[in-house]
Structure formats: structure tokens, C-alpha cells
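So the chains spell out like this:
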Amino acid sequence: MADFSVDEGLLAFWHLYRLPLLLALVAAFTFIRFYRTLQPKSRTATASSIPPSPRSHSPEKSEKIAIGYDEEATKVEKSTIQTIAEKEKAPKSTSGPKRVSGKKPSKVAGRRAGSDQEQQPLSFIQPIIFWASLTGSTEKYAQVLLEDLRAAAQERADPENRERAILPPQIHDLSYVDFDDYFAAAPKPPPNSPGTRYVYCLLIPSYNIDTILNTFLGHLDETHNDFRIDTAPLSSLAGYAVFGFGDKEGWPTEEEGYCSQAKELDRWMAKLTGRKRAYPLGFGDVKGDAEAALKEWSHGLQDILGDILEHGGLGEGVPGSGDPLESDEEDLDEEGSDDSSKKNRKRNKAQDVVDLEDIKFSADGQSGSGAPVPVDFTTAGASPASAIQPTEKEMVPKTSPTYAALTKQGYTIVGSHSGVKICRWTKSALRGRGSCYKFSFYGIRSHLCMEATPSLSCSNKCIFCWRHGTNPVGTTWRWKVDSPDLIFNGIKEGHYKKIKMMRGVPGVRAERFAEAMRIRHCALSLVGEPIFYPHINQFLDMLHSERISSFLVCNAQHPDQLETLNRVTQLYVSIDASNRESLRKIDRPLHRDFWERFQRCLDILREKRHMQRTVFRLTLVKGFNVDDEVIGYANLVEKALPCFIEIKGVTYCGTSTSAGAGLTMQNVPFYEEIQEFVTSLNKELERRGLKYGLAAEHAHSCCALIASERFYVNGKWHSRIDYDRFFELLEKEKADGTPFKPEDYMSETLEWALWGNGGFDPNDERVYRKGKKKGLQAAAAAQD
């Protein structure tokens, strides 16, 4: 009964006070919700005290939002993007966190880093000039642009406002920079100037041969397609601009290749920067108006730099801003169109890569042509849908400017990638005026020697190369492969034709002319890289089958080919520098890992020293690789322990190629300087306990020889070769596998060739230039 009274009392209390209780609950709920709504506003107000970036009010902001949310996800309609942009500008948008439903942010980390940098108000523009060149002409134009931008920076400087300016430009050679430092991500502004933004100015030529530009463009391709890296890692740049140099005489139109690599670079930079093209792509004809075109392009670029500084960005309507129109290729890439007619309008890549499953092989494992299919595994890209068989590209087509340049220099091009040329020492020996240093050191009569190569392509562009920079270059074999017998017969025929042309030259000795019609030696050092040729071992077998000795020179950049190389009469490795930086400056290698390759080749040479006659060839260039490098060269000798060390002064050929690389007659050492260097190197080797000595010299060639004491027998040097004995041992080795060593076919060095005796053959007559002999005689008399 008591319980019933309590329940009745509670019910009466509820009926009496229910309205005030309900009103109190509603009021409390409303207050709590209102309080939670106010919280984000206070935090946003605090953050908004930072001055906004000038770019936050530009039309480009909406484009960045689209890129940030749309890449690798579903498309967002234009109205939705504009709505997001308007919400960001309006104060009411700060009422809560932004959300885009149904979208997957792409590569958030990369985007966030770029956006954080752009939040800083733009205060300084830093132009960076990048250039690449083989002959040095583009470097000259880069210096012109450097001076123009430097002058523009000074003219636009405002003494009253030092917080906004165009900074003096920086300049970099693409051959020396690390691509990851500048093209995998944009440079970060200095800590003391967070508002600094960068503009890339790229000046490049176009070549129909492999150069560092191929490596550079390949890097941009890999960067853009690397899933670990933002597809537009350079979007924080203020902009970029590309100017290309071409040869309208060789390639009259863009369809035929005029400035093709500049066009390709412009496309890649548009992708990597998110269409930050600051100024349209410029062209200049190196045989016409290149400098004038560059000047005009530079003036337009300077105006754009000023606009970027004034408005905080490229903005809409600025030439090349990327809004609203881009090239067809860029639009097609982003739309992912499947229309076959549009696909045909896409750019043709320099090299088409065919899927291995599409390559048809015959039963013997080779292509139908009987030669290995030239496939480049280092080049990325999709092959055309219609491509089934790989296209065999010739290294030096007969219609190419390269073919015309080489033949003009006296080369006979054999097949599509080999060549032969008569040496000046061959001409000299035919007239009884002396043979080259190889006769003094190794017993090679120059008029019996053929200078040839099975590969005109090289992986270096050495500053002292006298091939005028016209031969092809490449890091991988990607051309048609000619058969060894075609090359062997072709170079012999070309050599004999050139010898026959000498029969009417005054002074040619009849007996030597007759001897010259029987080739006894082959110097595989004409141009290019002989071991680059895929069938080099078969080619060497053909030489040896006719008892033609083989003197093969390589540049220490192809260790795999060097390791599998069969026996040669003498194996040379060019040692053009004693350290990494000097080698980069002198050889200008295309391989990014050139120093590691160089070191591997030295290890291989050490292993081969008891089977091959191994030779270090040092080419001394005064001002590049002579001063304070004796210790470095001694380190390399100690590592590889070659049989011989040739030290030769550089030969200056007086071409624009050499001058462009900084090489002049001032870099050619006198023979006295060569002697001093050779003596210093020999002393350092003695100090280390390495058994070497001064063996021979050929002053006429400015060349000297240091030899291992393995070739010092019974108190006499034996640097020469017994060629008949070499072929006897080689045939015996092939017959029953009997190995032999370099000491087994050595021969005594003649007295007149020894160190200190000059090295000129007394049976020949040395011819001096007009007045030089009298000068030498007068100098000798003064010393006496």
C-alpha cells in the first residue's frame, strides 16, 4: 500500500512539472550544440591571422584543387571544383573540415609538401638555367641567356623594396647535375627566404645520336611514371620555359626532327610541373638565327618573370600559362582517349620498345635477319599497337648528316656502324718519314697497319677526341647489327682502296707500297668503342685467321663486354684521369655510374694481366689531368698492375669541338713536360715497391713507355712483340688448349727506341716543318 502511494506521488509530480522539465532539456541540448558549433570558428580565426598567399585568389587555385583530388580517381565536374574553391575563399567555409565524398586523394604527401610551400607569399624569383651540349655551342648560348637575365635582375631591382625581386640566375650543365636534386622534386627555398620560388630555363640542342639528353629525358619519363613519386613533383615551381636549338639544313622541318628533343622536354616538363609553362617553347637554327631568336625569347621570358613577381603566379591569359589550352599530346594523355585517329597524332618516340613476347625468333634463337635483335632494355615507353616486329635502326644511315660528316673527314663507312680510315702515320711510313710510336714500342710498321672499328658509337665525348664530335654516342646497343664477315671484308676493301690512292703521292717508296697491300696489323682504335659491337669475338677470330694482329682500345666503360673478351694481341684501356671529377670533365661520359664502371674494368684488367698484354694509355691534357695527379695515377696502376703504361701528350686538332670544351693549344704539353711527368710517376711506383721501369720513348709522338719488369730480361727491355710466335701459340691453344702468357711472345726493344734515345727509326728520314730544324740545331748548340 505504501509503494502505491509513492508511485501515485511521482505521477502527480510529473503532471505538475512536465512542461518546465521538457523546456529545460531542449534549452540544454540547444546550448551544447551551439557551443560545439562555435569551437572550430575560434580555431580558424586564429590560423587565419597568417597573411594569405597572393596565389590563393588566382584562377589557378581551382586547378590545383582539381589536381590534388582528381588524379588517379574519378573525375569531378567543373561546377563542383568551383564550389570547393568558393568555399575556401568565403569565411563561412571555415565552419567545419572540408570533405570530398567519393574521392581518393592521390599521393597526399607529395601534394601536401608542394602546397605548404605555396602558402608562403611569393617574394623572390630565382631563375635556374640548365643546358646540355656536345660541341659547346649551346653552352655559349646559355651564357648569353645568363647575362640577359642577370641584367634584367639588376634593372628590375627596387632599392626601396628589397623584399621582392628577381634574383641573379644560376646556371648548371645537365651532364654534371644529379637529376634527382632538381627534377624528382623542386628545390626548397632557403630557410631565411621561404617566399623564394624557382623558374627553370632549359636550353638544349637536338641530336640524332644518343647523348646525355636521352638519359635526361628517360629520367623525366621514369619520374612521372614512378608510383612512389607524385606525378607532378615540380608543381611548386613558379614556372618553366624551354628553348631548343636545331639544324634546319639537316632536318628542315619539325616532322623530320628539327628541335625534336626540345619538344619532348617541353612536354615532360608540362606533366611534371602541372602545366606551369611560363613561356612558349622557342626554336633557334644553329646555322641561322639562333642567337637572335634566343634574344627575342629571352625578352619575352623576362616580362613573364616580372608578371609572376607582381601577381604571385602565372595567372590566366599569360602566354604559356597552361590555361585554357595545351598541346594535343598533353590533352590526349590526360583524357586517356582510345580514338585511333588521335593516337596517330601522338608524338613518335626516338626509340620504340617492343614487348619480348612480340619478337619473333627463328629456330636458332635469332631474328630472321640472322643477327641479334637490337633491343634497348633501358628505354621506357609503350610500343604502338601495330608494332609486331622490331624496327632495325641503322647507327649511321647513308642519308644522315653523321654519315656525310664522317665521310667528309676521310672515313669509309662499312655497313651501318663500322668504319676504316688511313692513318697519317701510314702515309708517313709509305714515304719513309717514320712510323708511329707503336713501331718503337711494339714493332708495328705503320704502313702495314689498318686503323678500323666495328662500332662507330662511343659512350664518351672526350674533350680531346679528334673525331670532331660527329660520331654517334650511346650507352646501349640499339641498332641494326651487321655480320662480322661483312665488316671484315668491308674494312679490308676500304683500307686497300685508300692505300692505292697513295700511289701517285710524291715520295712514296715502291717497296713499302707493295708491302702495304698485305695488312699485318689492325688497330681497333679509330673511333667509337670496339667492344661495344655484339660480335667482337667473332670479328677478332677473323683477324687472327689471316694472321693480322689485334690492338684493341677500350674506354673502361663496358666491364661486361671486357670480361667476356677473347684473347687479343694487345689490350689497351684509356686512363684519362686519376679521379672521378677529372674523368667526368675530360671524358664527359654518358653513363651515370661511369666511375663504378671504370673501377670494375681495372679489376678485370688485373685478372687478365697474365693472359693478355695489358696497357694503360694515359693522355695528358695540361690544366686537366696533369697537375698533382701522379699519386692518383699510381693508385690506379697499383690496382690493375698493367704490363705497360703509355704516357702521351694530347694532340690538338684545332676544331670548334675542342674549343667549346675549353681545349686550346695551351693545353698541349711539351715533350719536356711529358718526360718530367713520366719520371715522377716512375719514382712513385718505385717508392711503392711496384716493379716498373722506363723502357722506351718516341719523342716525335710526344710519347713514352713505362713497362713492368716482367719484360726486363737479362738486363734488356723486351717491349716488342714476336708476331709469328704469337700466332703459333694462338693456334696451338685453339688446337689443344695449351695456355700461354705475354712473356712467351715478347721481343727485344731496339737500341734507338730505348728511353733516352729519342725513338725515331734511323732507317727513315725525319722531316721538319720549315725553320724548325734550324731552331732545334741552334738550341742544341747553345746547350753544348
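Residues numbered from 1 in each chain as written. Predicted model: local features only at pLDDT ≥ 70, side-chain atom pairs only at ≥ 80, totals over all residues. Heavy atoms only, no water.

Here we come to the state of the cysteines. Applying the stated criterion across every chain yields a total of zero disulfides. Of all cysteine sulfurs, the one in cysteine 436 lies closest to cysteine 449, which takes part in no disulfide; the gap is 6.8 Å. For cysteine 554, which is in no disulfide, the shortest distance to another cysteine sulfur is to cysteine 601 and amounts to 6.0 Å. Judged by relative accessible area, cysteine 554 falls into the buried class, the value being 2%. (Disulfide = S-S within 2.5 Å. Buried < 20%, exposed > 50% of the residue type's maximum accessible area, 1.4 Å probe, protein only.)

Before going further, it helps to examine helix 15 (residues 484–500). Here helix 15 spans 24 Å end to end across 17 residues, near enough to the 24 Å set by a 1.5 Å rise per residue. Of the positions making up helix 15, those classed as buried are Pro484, Ile487, Phe488, Gly490, Ile491, Lys492, Gly494, His495, Lys498 and Ile499. Where helix 15 is buried, its residues contact strand 7 (412–414), strand 8 (418–421), helix 13 (424–430), strand 9 (449–453), helix 16 (510–516) and helix 17 (536–545). (Helix = DSSP H or I, 4+ residues; strand = E, 2+ residues; numbered from the N terminus. Expected span 1.5 Å × (residues − 1). Contact = heavy atoms within 4.5 Å.)

Following the UniProt record, one finds the feature "transmembrane region" (unreviewed entry) at residues 12–35. Across residues 12–35, the secondary structure splits into 100% helix and 0% strand, with the terminal C-alpha atoms separated by 35 Å. (UniProt positions renumbered as here; feature names shortened; annotations may be inferred.)

So, on to the packing of aromatic side chains. A full pass over the atoms with the stated rule returns 30 aromatic pairs. Taken together, a centroid distance of 5.8 Å and an interplanar angle of 85° make the contact between phenylalanine 441 and tyrosine 442 edge-to-face. Members of the aromatic cluster, connected to one another through ring pairs, are Tyr437, Phe441, Tyr442, Phe551, Tyr572, Phe644 and Phe711. Over the aromatic face of tyrosine 411 sits the side chain of lysine 421, whose NZ or CZ is 4.7 Å from the ring centroid. (Phe/Tyr/Trp six-rings, centres within 6.5 Å; stacked < 30°, edge-to-face > 60°. Lys NZ or Arg CZ within 6 Å of the ring centre and 35° of its normal.)

Another aspect to go through is the packing of helix 7 (residues 212–225) against helix 8 (residues 260–273). The relative placement of two packed helices is expressed as an angle between their axes plus a distance between the axes. Between helix 7 and helix 8, the least distance of the axes is 10 Å, while the angle of their chain directions is 25°. When the axes of helix 7 and helix 8 are compared, the pair comes out roughly parallel. In this structure, the crossing between helix 7 and helix 8 has a hand that is left-handed. Of the residues in helix 8, those touching helix 7 at Leu213, Asn214, Phe216, Leu217, Leu220, Asp221, Thr223, His224 and Asn225 are Gln261, Glu264, Leu265, Trp268, Lys271 and Leu272. Class assignment for the residues of the contact of helix 7 with helix 8 results in seven nonpolar, five polar and three charged. (Axes fitted to C-alpha atoms, helices over the stretch in contact; angles between N-to-C directions. Parallel < 35°, antiparallel > 145°, perpendicular 65-115°, else oblique. Left-handed = near helix turned anticlockwise from the far one by under 90°. Nonpolar A, V, L, I, M, F, W, Y, C, P; charged D, E, K, R; others polar.)

Let us look at a nonpolar patch on the surface. On the surface, Leu11, Phe13, Trp14, Leu16, Tyr17, Leu21, Leu22 and Leu25 cluster together into a nonpolar patch covering about 830 Å² of accessible area. With respect to the secondary-structure elements, tryptophan 14 resides in helix 1 (residues 2–47). Among the residues examined, tryptophan 14 registers a relative accessible area of 37% and is labelled partly exposed. (Patch = residues over 30% accessible without salt bridge, like charges linked within 9 Å, V, L, I, M, F, W, Y side chains within 5 Å. Areas by Shrake-Rupley, 256 points an atom, 1.4 Å probe, with all protein chains shown as cover. Salt bridge = Lys/Arg side-chain N within 4 Å of Asp/Glu carboxyl O.)

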